[in-house]
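# Topology and contacts: notes
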Amino acid sequence: MRYCSIEARDREGQPVVERTVIFATIICSHTSNPTVGRFVWNGQAYSLVGASKQRPGSILPDDGARSTKAAFEVSPSYRCPGCGASSYVQCGRCRGLGCWDPTWEMFRCPLCGNAGAVNGTIDRISGLSG
Ligand SMILES: [Zn+2]
Ligand SMILES: [Zn+2]
């Protein structure tokens, strides 16, 4: 798998490499099936542009291998391949990502069962190290 990368500089002036595309596992809240979300850097945030169902034998992103700290948002074109939800949230307990639709008042984490109202924003996820 290949990644394009751009160079940016942090506050101290040290060069840091921003990956323009990252992948992370998103579990469908309805089917509990894992999907692979594709996040594309848009200059300000990683935007979730789409997700694909796992094919048998394919490798899930190695969660925890690398943590990416940035702003995260969702593209209007994203739909969960499992249930059609148009967004996603990160569980406040297990940090897993689950699909979510703004019409749902509550989010129930398909990984750990934690449930609650959705608030806040995502600023860090664990994704594929490449
Ligand atoms: Zn779903
Ligand atoms: Zn959870």
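Description of the structure in this document. Just so it is clear, the structure is predicted and the values come from calculations on it, not from any experiment.

Calculation notes
Residues numbered from 1 in each chain as written. Chains lettered and ligands numbered in written order. Predicted model: local features only at pLDDT ≥ 70, side-chain atom pairs only at ≥ 80, totals over all residues. Helix = DSSP H or I, 4+ residues; strand = E, 2+ residues; numbered from the N terminus. Buried ≥ 20, exposed ≤ 12 C-beta atoms within 10 Å, placed from the backbone. Contact = placed C-beta atoms within 7 Å. Pairing = 2+ DSSP bridges. Axes fitted to C-alpha atoms, helices over the stretch in contact; angles between N-to-C directions.

## Examining the environment of Leu48
Residue placement: Leu48 occurs in strand β5 (residues 46-53). C-beta crowding within 10 Å serves as the criterion here: with 25 such atoms nearby, Leu48 is assigned to the buried category. Expressed as a C-alpha distance, the spacing of Leu48 and Glu73, which sit 25 residues apart in the sequence, is 6.3 Å. Among all residues touching Leu48, those that are not within four sequence positions of it are Gly37, Phe39, Val74, Ser75, Tyr78 and Tyr88.

## Topic: the sheet that holds β5
On the basis of which strands lie adjacent, the open sheet formed by six strands has the order β7-β5-β4-β3-β9-β8 and mixed pairing. Both edges of this open sheet fall to β7 (72-74) and β8 (87-90), since each of them pairs with a single strand only. Neighbour-to-neighbour, the strand axes of the sheet open up by a mean angle of 45 degrees, direction not taken into account. Of the strand pairs in this sheet, β5 and β7 are connected by three bridges, and their pairing is parallel. Counterpart to Ser47 in the pairing with β7 is Glu73.

## So, unusual backbone geometry
Of note, the phi angle at Ser32 is positive, near 65 degrees, even though the residue is not glycine. Inspection of the secondary structure assignment puts Ser32 in the loop between β3 (21-27) and β4 (34-41). Within the chain, Arg95 stands out as a residue other than glycine whose phi angle is a positive 65 degrees. Within the secondary structure, Arg95 sits in the loop between β8 and β9 (97-100). Residue classification places Arg95 among the partly exposed positions, given that 17 C-beta atoms sit within 10 Å.

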